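# Structural features, examined
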Amino acid sequence: MPKKKYKIASLFSGCGGLDLGFSGGFTFLGKDYKRLNTEIVFANDFDADACKCYNANPLLVNDGAECLLDDIRNIDANTIPDFDILLAGFPCQPFSNAGNRKGVNDDNGRGTLFEECERIVKAKVDSNKRPKAFLFENVRGILSSKMPDGKTTVPQEIQKRMESLGYDISMKLVCSSDYGVPQQRYRVLIIGIDKQLGLNSFDFDSLLYVVSRHHIPSTLTGKDEELLLGRILQGVHGQEDDVVWEYSATTQNTVELIGGCQHGQRAMDLFGDGYSKQDLPPVVFEGRSWKNIPYEKLSPRFKKIADDPKRYHAPKFFRRFAFGEINGTITASAQPENCGITHPVENRRYSVREIARIQSFPDDFRFNAIPLQSQYKVIGNAVPPVMAWVVAKALLNHLQNKKK
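Remember, it's a predicted structure, so these values are computed and weren't measured experimentally. (Residues numbered from 1 in each chain as written. Predicted model: local features only at pLDDT ≥ 70, side-chain atom pairs only at ≥ 80, totals over all residues. Heavy atoms only, no water.)

### Some points on the nonpolar core
In terms of nonpolar packing, the biggest core is built from 92 residues, with Phe 22, Ile 85, Ile 193, Ile 341, Phe 367, Leu 395 and Leu 399 touching the most fellow members. The element best represented in this core is helix 13 (residues 385-399), accounting for 11 residues. With residues up to four places along the chain from it excluded, the contact list for Ile 85 reads Tyr 6, Lys 7, Ile 8, Ala 9, Phe 22, Ala 133, Leu 395, Leu 396 and Leu 399. Among the nonpolar cores identified, the runner-up in size contains 32 residues, and Phe 12, Ile 75, Ile 169 and Ile 190 belong to it. (Core = buried A, V, L, I, M, F, W, Y, C linked by side-chain atoms within 4.5 Å. Buried < 20%, exposed > 50% of the residue type's maximum accessible area, 1.4 Å probe, protein only. Helix = DSSP H or I, 4+ residues; strand = E, 2+ residues; numbered from the N terminus. Contact = heavy atoms within 4.5 Å.)

### Here we look at the pairing of strand 4 (residues 38-45)
Note on strand geometry: in a regular strand, side chains alternate between the two faces of the sheet. With 7 of 8 residues buried, strand 4 is to be regarded as a mostly interior element. Relative to strand 5 (residues 67-69), strand 4 runs parallel, the two sharing 3 bridges. When the bridges of strand 5 are listed, Asp 45 appears paired with Leu 69. (Pairing = 2+ DSSP bridges.)

### Side note on the pattern of salt bridges
Side-chain pairs of opposite charge can arise whenever the charged atoms involved come near each other. Enumeration over the complete set of coordinates arrives at 23 salt bridges. The partner of Glu 240 in a salt bridge is Arg 366, and the shortest N-O contact between them spans 3.1 Å. Residue Glu 240 is located in the loop between helix 7 (229-232) and helix 8 (249-258), and its partner Arg 366 is located in the loop between helix 11 (352-358) and helix 12 (372-381); the two are separated by 126 residues in the primary sequence. Accessibility expressed as a relative area gives 38% for Glu 240, which makes it partly exposed. A relative accessible area of 23% places Arg 366 in the partly exposed class. One salt-bridge network, in which partners are shared between bridges, spans Glu 115, Glu 118, Glu 157, Lys 160 and Arg 161. (Salt bridge = Lys/Arg side-chain N within 4 Å of Asp/Glu carboxyl O.)

### Examining a nonpolar patch on the surface
Together, Leu 143, Leu 173 and Tyr 186 make up a nonpolar patch on the protein surface, roughly 230 Å² of accessible area in all. Tracing the sequence through the fold places Tyr 186 in strand 10 (residues 186-194). Looking at Tyr 186, the relative accessible area reads 34%, which means it is partly exposed. (Patch = residues over 30% accessible without salt bridge, like charges linked within 9 Å, V, L, I, M, F, W, Y side chains within 5 Å. Areas by Shrake-Rupley, 256 points an atom, 1.4 Å probe, with all protein chains shown as cover.)

### Observations regarding unusual backbone geometry
Phi angles above zero are rare outside glycine, and Asn 128 is one such case at about 65°. Summarising the element assignment, Asn 128 is placed in the loop between helix 4 (114-126) and strand 7 (133-139). Positive phi, normally seen in glycine, also occurs at Asp 241, with a value near 70°. When its relative accessible area of 6% is taken as the criterion, Asp 241 is described as buried.

### What about helix 6 (residues 205-213)?
Each α-helix turn comprises 3.6 residues. Residues three or four places apart therefore point the same way. Considered for burial, the residues of helix 6 that qualify are Leu 207, Val 210 and Val 211. In a view along the axis of helix 6, the buried residues occupy a sector of 100°, so they form one face of it. Along helix 6, the residues that are exposed and aim more than 90 degrees away from the buried face are Asp 205, Tyr 209 and Arg 213. Against the buried residues of helix 6 lie helix 13. The first or second residue beyond helix 6 is His 215, which carries a positive phi of 55°. (Arc of directions from axis to C-beta.)

### What about the confidence of the model for the chain?
Predicted confidence across the chain gives a mean pLDDT of 92, with 93% of residues reaching 70 or more. Segment residues 93-107: pLDDT under 50, and 40 contacts once partners within four positions in sequence are set aside and those in other chains are kept. (pLDDT = per-residue confidence, 0-100.)

### Section: the environment of Glu 116
By the secondary structure assignment, Glu 116 is in helix 4. For the pair formed by Glu 116 and Ala 394, sequence separation is 278 residues and the distance between their alpha carbons is 26 Å. Residue contacts for Glu 116: discarding those within four places in its chain leaves Ile 72 and Arg 73. Engagement of the side chain of Glu 116 in a polar contact is seen with the side chain of Arg 119, the distance being 2.8 Å. (Polar contact = N/O pair within 3.5 Å; in protein donor to acceptor, adjacent residues only side chain to side chain.)

### Topic: the sheet that holds strand 10
Judged by pairing direction, the sheet is mixed, and its 7 strands sit side by side in the order 5-4-1-6-7-10-8 without closing on themselves. Every interior strand has two partners, whereas the edge strands, strand 5 and strand 8 (167-175), have only one. Across the sheet, the axes of successive neighbouring strands diverge by a mean angle of 15°, strand direction being ignored. Where strand 8 lies against strand 10, 9 bridges are found, and the strand directions are antiparallel. Looking at the pairing, Asp 168 lines up with Ile 193 of strand 10. With respect to the sheet, helix 2 (residues 48-55) is in contact with strand 4 and strand 5, its orientation differing from that of strand 5 by roughly 155°. (Axes fitted to C-alpha atoms, helices over the stretch in contact; angles between N-to-C directions.)

Next comes the structure, spelled out in C-alpha cells:
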C-alpha cells in the first residue's frame, strides 16, 4: 500500500523554486533529484508574472494545484486545503542588505507578511487540522531586523508566536553552495515541528547527511568541482531560454572598461568531464570588478571611492566571477552594480538560462512565458530548487522518525 503523501501549502510561491524542491522529480546537470512523497495542494503569489511562470511549468502543475494569483491578505484561511507542511518565503525586500532595511516598518506592509503565515497556521490549529511542520525562508538581513519596540528581532518574534501555537522552532543561516547550488547565496531558514508529534526539534546537521547520502556537491565537504562556473556554463548555448537582457549604454561601457577575466574563453575547456580543481591554473580563480578599471578612466563616483577605500569599505561593484569561482548571489534586480551577473569573459549579462543554472533550476524549467526582464526578476527571487530538495528530504526524514 503506497504511503500517504505529505500535503504542501505554499505561500509567496514565486515562480516555484521552493515548491519544485519539495516536489522533486527533476534533473540538474545530470544528477537526478528523485520525486518526493509530497503533493502541492495550494500555491499563491500576488505577482502576475511569477504565477504565469509557475503555471507554465509541467514540473509543478502536473501533480498539483496551479498558483493562485491574489494577495495573501485577501485569502480566507478556511478556503486553503488542509496541509501537512507550510512553505513560505515571504517577501524579503524590507530585510535585505540591498534594500532600505525598514523591516516590519516597511510602508507597503511587506515586513509584516510573516503574520499572514501565522494567521493561516493558527486557523488550521483552531480547526483541529494542525500542520505537522512549516518552513519559512528569508534573507539574512532579517536576523538584525527589529520589531517596532526596537528590542525584539523579527526571528525572535516569529519564534515566540509560533511556539505559542505549539511548535518547536529551529533556525539557521545557510549558504546554498553547501547544499548543491552553484551560488554563494545566504538565507535564513526557520523550521517548526508540531510538538504533538513527539519529535525532537529539527536538526540542521541532517542537511549534511542528505548531501553526503546522495553525493551532492558541497563546499562543506570540499567536493565542489561541479559548482564552479566553468562547469555550470558548459553546454548552455543552444538551450531554450538562452537569451540576454542587454545593458544600458552607460553600464555596457563600464563592463567593457573592466574587461573579461584574464583566463579567457579557452579556459572553459579545462572544466570538462573528470577535471580536478587541484589541476587548474591560478588564473582561473581570478575574478574582476570596477577596481580593474584604470584610475584615469573611472567615473567621478568611483574615483571618490578609490580615493578613500576605508570610508566606503572598498565595495566590489560590477563583480565578474571567474570560471574557477562559485558565483555570488543573483538578485531580482539583476544589476551588475550589486550582484555578479556579468559573464566572466563576454561583455554582457548572463543569459536567462545561465542564471537559471546558477540558481540550480533544471534546463527543462521554462521562463519564456513572461517578459524578459521579469524572467530575471523571478529567478533572482526564487529559492534554489536543489537546496530546497535537500531541506525537503531532511524534513521528511525527520517527520518519518517518531520517537518510540
